[in-house]
Amino acid sequence: MAEINKVFQSIRVRESGSSNLSLRDGQVVSGRIMKFFPDQKAMVRIGQQQVVAQLSANLQANQNYLMQVNQTSPYIHLQVVSEEVVRTPNDAARALLEATGQQAGRQQQMMLAGFIRDQLPVTQQNVSNLLQLAQLGSDNSEAVLREMLSRNFPLTEQTFRAVDQRINQPMSFNQTVSQMQSQLAQNASLTNEQAQLSLYLNAVNGRGQSNQQIMAHLTHQILTEIGRGSETTFQLLQKAGVISSQVSYNQWSNTWTSWAQTNQVSFQLGNNGLQTQNLNLPFNMSAQGLQDGLANLAHNQLAGGERSQKLLARFINQLSSLQGGTADRLNFLANFSQSSVFNQVQNNLPPAQQQMMQQVAQMLQQNQVSSLQQLLSSEQGEQLIRNLTRMLSAQVDQQQYRALNVWQIVFNQPASSTNMAQVMQQLQSFMHLTQNEAMHRAQDYPTMQTLLNMVSSQVVHSEPFQQMNQMLQGIHLSLQDSSREWMQFSAHFPKEMFGLNEDLWMDFEGQKQSDGSIHPKYCRVMFYLSLPNLKDTVIDMHVKYGDVSLSIFHESPQLLSPLVHSMESMLNINLDQKGYDLQSIEVKPLKEEVIESISNSEVEQAQTTYKGVDFRV
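Remember, predicted model here, so these are calculated numbers, not experimental data.

Caption draft 1: Quick peek at the pairing of strand β12 (residues 547–554). By the criterion of burial, β12 is predominantly enclosed, with six of the eight residues buried. In this structure, strand β11 (residues 535–544) lies alongside β12, joined through eight bridges in antiparallel fashion. Looking at the pairing, K544 lines up with D547 of β12. The turn joining β11 and β12, which pair antiparallel and follow one another in sequence, is formed by two residues; a positive phi near 55 degrees is taken by Y545. Sheet analysis places β12 next to strand β13 (residues 581–589), joined by eight bridges and oriented parallel. Looking at the pairing, V548 lines up with L582 of β13.

The structure is reproduced here in structure tokens:
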């Protein structure tokens, strides 16, 4: 990971340049007074950029001073921390330590000096935490703290350990999963948490399971839920059409309980997953029927979850009672007919009803209420309303979505590295399965992190479980920070999920939306891939207002370039269908990026760039 981190950082340096000035509230910086102007103004240089500042302290020209950023918007306001001249970064660190009353050894002072020199967001408030974390015994504490500061992670020991694991102690998913599976197989007693964790581990590790093993896991899950009176899997299978909607939960529970007692069903957990007797399951359930039903259910789920479901329910209700509708109601119907939810609903209908939905949209846009009422009163119109209602009833809630996601991953084979749709589906499933439990609690299908915490106390050797948990925490760290308008995080995915030579590393950053996700039209994604034929490849994708620019880094750009440009027209078409415009594709040498000497002072450490602003000192 250290080498991959270096490659990503090097690319960022070359792409961003060193002239941008980036500051955060509370940050301390070293500023040089270049020259004085009338009205107590002066030219101040911070880093590589010069700005005009309003002076309110007696300072000397051609000298550096330690300053604190008190405000970044609408203009930047600086306050002098110490009127003592700082000639070197080490002087700046010493002045900061004196101002905060902190004690530090030589190495720690040099570390702070480097942070200030490189314009990392060191503040008077976080100096104490930085010094404490630097003593935790990591092989490279400074690199860990740099990552935490640049990404604005919480300066806590838990965060430090997770980042340290990701940067300095990268693990192979396959090796760690094998260790955990071995530990689980050695346990004398089987718990539901152990069975679920085994299922999750096999899924994310790309290890194929037989239909018999999958159905054994499903059987164990069903019996466990029945034991506590839960209906999550029962409701999911009904919505998927795997079992009849006429079956009541009491019938479901009694049938499974009787079946298990009659057949004396037992389970054994081995290195490859759960096993049980090869029996015919109640309700004629089969692996193929389960896979087909869940795939169809997943296809019909609306993007946007509960919000989209509420919009569709309102649309059906108001469309069904169109007569005497108010202006507000008609405006909602017209606006909804132009929304992405409407388009997805339309695409999930049979072809004939897709055309009818187009007619509905046109009539709403043209305010043809009478014609629309006549259309909806016809047999075809009534069938449309029934199908829309059926589609709404097939939407899953939050708990059922977690369950659906789990079984989808289990049934999906490793994604082809050349099929981007499969890759993105696997990435989405992996992130959902491993996310922090506090974000989406689900009793029957807890996240992998929750299961790791529970199972680590049930096994003899818990180290692999703790290591995996730290890795997953490192992936999701920045997703837990709800206060920032800009998100950054790095992710490590198992190679087995995508048929790669090595694990997949990705770096994300982008504008944060109200629901906590990254804005798909304003973001940046970097991939580090080791492909079976192309070997090491880095893809750097910038998206700004829907315009996409791609830079591809490879050891032999002259060989890769013809292949890339031969696919450019198809990529352009695919992006256009999704509302994006391809602006450029460049193929660049990867070797230069790897061996290039990185000056940390050139690394852009924040997202907001200020140019030509007035400073008040």
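The rest of the description comes next.
Caption draft 2: Examining the environment of V543 more closely. In this fold, V543 is placed in strand β11. You can call V543 buried: its relative accessible area is 5%. Once the C-alpha coordinates of V543 and Y580 are considered, the two residues, 37 residues apart in sequence, prove to be 8.6 Å apart. Not counting the four nearest positions on each side in its chain, V543 is found in contact with P520, K521, Y522, C523, V548 and Y580.

Caption draft 3: Up close: the pairing of strand β2 (residues 41–46). Judged from the six bridges that link them, strand β1 (residues 28–37) and β2 form a sheet pairing that is antiparallel. Note on β2: the bridge partner recorded for F36 is A42.

Caption draft 4: A look at the packing of aromatic side chains. Applying the stated criterion across every chain yields a total of 10 aromatic pairs. Taken together, a centroid distance of 5.9 Å and an interplanar angle of 85 degrees make the contact between F315 and F342 edge-to-face. Placement of F315 in helix α13 (residues 306–320) and of F342 in helix α15 (residues 340–347) is noted, with a sequence separation of 27 residues between them. Judged by its relative accessible area of 1%, F342 falls in the buried class.

Caption draft 5: View of the pattern of salt bridges. This structure, assessed with the given rule, holds eight salt bridges. Residues D118 and R117 are paired through a salt bridge, measuring 2.8 Å at the closest nitrogen-oxygen approach. What makes D118 buried here is its relative accessible area of 1%. A residue is classified by how much of its surface remains accessible, and R117, at 45% relative accessible area, is partly exposed. The partner of R228 in a salt bridge is D444, with the nearest N and O atoms 3.0 Å apart.

Caption draft 6: Just the packing of helix α10 (residues 232–239) against helix α19 (residues 398–411), in detail. One can describe the packing of α10 onto α19 by two numbers: an axis separation of 9 Å at closest approach and a directional angle of 70 degrees. Regarding the angle of α10 to α19, the classification is roughly perpendicular. Taking contact as the criterion, the partners of T232, Q235, L236 and K239 in α10 are, on α19, Q399, Q400, A403, L404 and W407. Classifying every residue of the contact of α10 with α19 gives four nonpolar, four polar and one charged.

What counts and what doesn't
- Residues numbered from 1 in each chain as written.
- Predicted model: local features only at pLDDT ≥ 70, side-chain atom pairs only at ≥ 80, totals over all residues.
- Heavy atoms only, no water.
- Buried < 20%, exposed > 50% of the residue type's maximum accessible area, 1.4 Å probe, protein only.
- Helix = DSSP H or I, 4+ residues; strand = E, 2+ residues; numbered from the N terminus.
- Pairing = 2+ DSSP bridges.
- Contact = heavy atoms within 4.5 Å.
- Phe/Tyr/Trp six-rings, centres within 6.5 Å; stacked < 30°, edge-to-face > 60°.
- Salt bridge = Lys/Arg side-chain N within 4 Å of Asp/Glu carboxyl O.
- Axes fitted to C-alpha atoms, helices over the stretch in contact; angles between N-to-C directions.
- Parallel < 35°, antiparallel > 145°, perpendicular 65-115°, else oblique.
- Nonpolar A, V, L, I, M, F, W, Y, C, P; charged D, E, K, R; others polar.

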